[in-house]
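# Structural characterization, general
Read off the chains here:
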Amino acid sequence: MSLTSRRVARGLFVATSAVGLAVSFFARMSEADADQICPGGQIIRSGKSIVGCLYSTWGPAEQAACNGAVHVPPESPEGCHICVVAPLDAAVLDRTQWPMFTPSDFSCRLAEGPGCEPYSRAFEAGVDDDFDPGGGPELPAPSDALLNYIAQNYSYPGSRDFDQIGGDRWFAHTFTGFAPERAGEYICGARLVTRIGHGETDLNVNDGLALWFLAPNGQAVGSGYWADLASFGIQNGSSQLVTLDLAHLPNGGNLLPDLIANGWLDFTVQDDHAVDFARLEIDYCCEDDLVVTDTCFEGDGALICSQSPSELPVSPGESQADGVVF
Ligand SMILES: [Ca+2]
Ligand SMILES: [Ca+2]
Ligand SMILES: [Ca+2]
């Protein structure tokens, strides 16, 4: 006999002994006395033997009826109480052994977690006010690494503010703080929504935007996305609402894995264009959740839909009335 089968055989012996104890403990009660065996509760059987009771409350009547059997309390005050003959209390605590009982589900005594519900959050930077200079400054929040990078690689250090129109200044912002807040959640989608425009004539033809990840040590990590602003249809002097699905970028790239791994996202525009606002929309899904529905959001009065990473986005490059979705 192998060690494993010996263990199984011993377990069966223990269980059989327990059933014997149960019969003797509850023997004085017949099936007709079911209400008296577990007053206000539910009988627990193992095979044909009555081995305990399941209660939603634990008052004097329930405690008296338990009468020497083992009380298995709930994990949280609102959970159910189980009274069962020893040593079957160990089986009540072991989910894999529940099938030996009727009923065979004791999850009513387990503390429920906060529960996971899919949801989306928007991380706003700047105000969506079409470059209105009123209302006070709209400040981006570039990381120290990003500021250092600009200072070391460009003639003018620092970032322009949102709505700041003019030449020769990078725009830089770092999104942070979007990690899932609860266990069981994960990031399953992300979109950057921004309005870019008012480029200075003759200087904007070489401008572009970038989504990337600059580590504190100054090194870009993982993948990134760079694109000419002209590819979004942004004309001199005009502005354009741009939506980028990070899981389905125009070049076929997917920044979600790096977004999740790093926990931040750097967004830059250089160097003669203004940025009205930038919003990072994050979708959170639950483990074991199959995402099959579209995720939609409003953009200047129209509804734009993209989909989960496992699905295709809207047609790449499709022009929308309110902007360009890539
Ligand atoms: Ca403004
Ligand atoms: Ca330029
Ligand atoms: Ca603005």
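Just so you know, these numbers come straight off a predicted model, no measurement behind them.

Parameters at a glance
- Residues numbered from 1 in each chain as written.
- Chains lettered and ligands numbered in written order.
- Predicted model: local features only at pLDDT ≥ 70, side-chain atom pairs only at ≥ 80, totals over all residues.
- Helix = DSSP H or I, 4+ residues; strand = E, 2+ residues; numbered from the N terminus.
- Buried ≥ 20, exposed ≤ 12 C-beta atoms within 10 Å, placed from the backbone.
- Contact = placed C-beta atoms within 7 Å.
- pLDDT = per-residue confidence, 0-100.
- Pairing = 2+ DSSP bridges.
- Core = buried A, V, L, I, M, F, W, Y, C linked by C-beta atoms within 7 Å.
- Axes fitted to C-alpha atoms, helices over the stretch in contact; angles between N-to-C directions.

## Quick look at the overall build of the chain
Helix and strand counts for the chain come out as six helices and 17 strands. When burial is assessed residue by residue, the chain has 34% of its 326 residues classed as buried. Contacts in the chain between residues at least 24 apart in sequence constitute 66% of all its contacts with a sequence separation of at least 6.

## Remarks on the confidence of the model for the chain
Taken as a whole, the chain shows an average pLDDT of 79; of its residues, 74% reach a score of 70 or greater. A low-confidence stretch, residues 289–326 (pLDDT under 50), is modelled with 71 contacts involving residues beyond four sequence positions or located in other chains.

## Overview of the sheet that holds strand S3 (residues 70–72)
Read across the sheet, five strands follow the order S3-S4-S2-S1-S5 without closing on themselves; strand pairing throughout is antiparallel. Looking at strand neighbours, the two that pair on one side only are S3 and strand S5 (101–102), the edges of this open sheet. Summarising the sheet, strand S1 (residues 42–46) and strand S2 (residues 49–55) pair through five bridges and their orientation is antiparallel. Within S2, the position partnered with Ile44 by the bridge is Gly52.

## Overview of unusual backbone geometry
Here the amide bond leading from Thr102 into Pro103 is cis, since omega sits at 0°, within 30 degrees of zero. Here Pro103 is to be found in the loop between S5 and strand S6 (119–126). The omega angle of the peptide bond from Gln270 to Asp271 is -10°, so this bond is cis rather than trans. A positive phi angle, close to 55°, is found at His198, a residue other than glycine. With respect to the helices and strands, the residue His198 is situated in the loop between strand S8 (185–197) and strand S9 (208–212).

## Points about the nonpolar core
Ala190, Leu192 and Leu246 are the most contacted members of the largest nonpolar core, which totals 43 residues. Listed by contribution, the elements that provide at least two residues to this core are helix H5 (144–153), strand S7 (171–176), S8, S9, strand S11 (239–245), helix H6 (256–262), strand S12 (264–270) and strand S13 (274–286). No other element matches the eight residues that S13 contributes to this core.

## Side note on the sheet that holds strand S10 (residues 225–228)
Taken in spatial order, the four strands of this open sheet run S7-S12-S9-S10, and their pairing is antiparallel. Two strands in the sheet have a free side with no partner beyond their single neighbour: S7 and S10. For this sheet, the mean angle separating the axes of adjacent strands, direction not counted, is 10°. Of the strand pairs in this sheet, S7 and S12 are connected by six bridges, and their pairing is antiparallel.

## Regarding the environment of Ala64
With respect to the helices, strands and loops of the structure, Ala64 is situated in helix H3 (residues 60–66). Distance in space between the C-alpha atoms of Ala64 and Cys38 is 10.0 Å, their sequence separation being 26 residues.

## What about the pairing of S13?
Among the 13 residues that make up S13, 11 are buried, leaving the element largely enclosed by the rest of the structure. Across eight bridges, the pairing between S6 and S13 is antiparallel. In the sheet register, Arg121 faces S13, and the bridge partner there is Ile282. Pairing analysis gives 12 bridges linking S8 to S13, with the strands arranged antiparallel. Across the sheet, the residue bridging to Arg191 is Glu281, located in S13.

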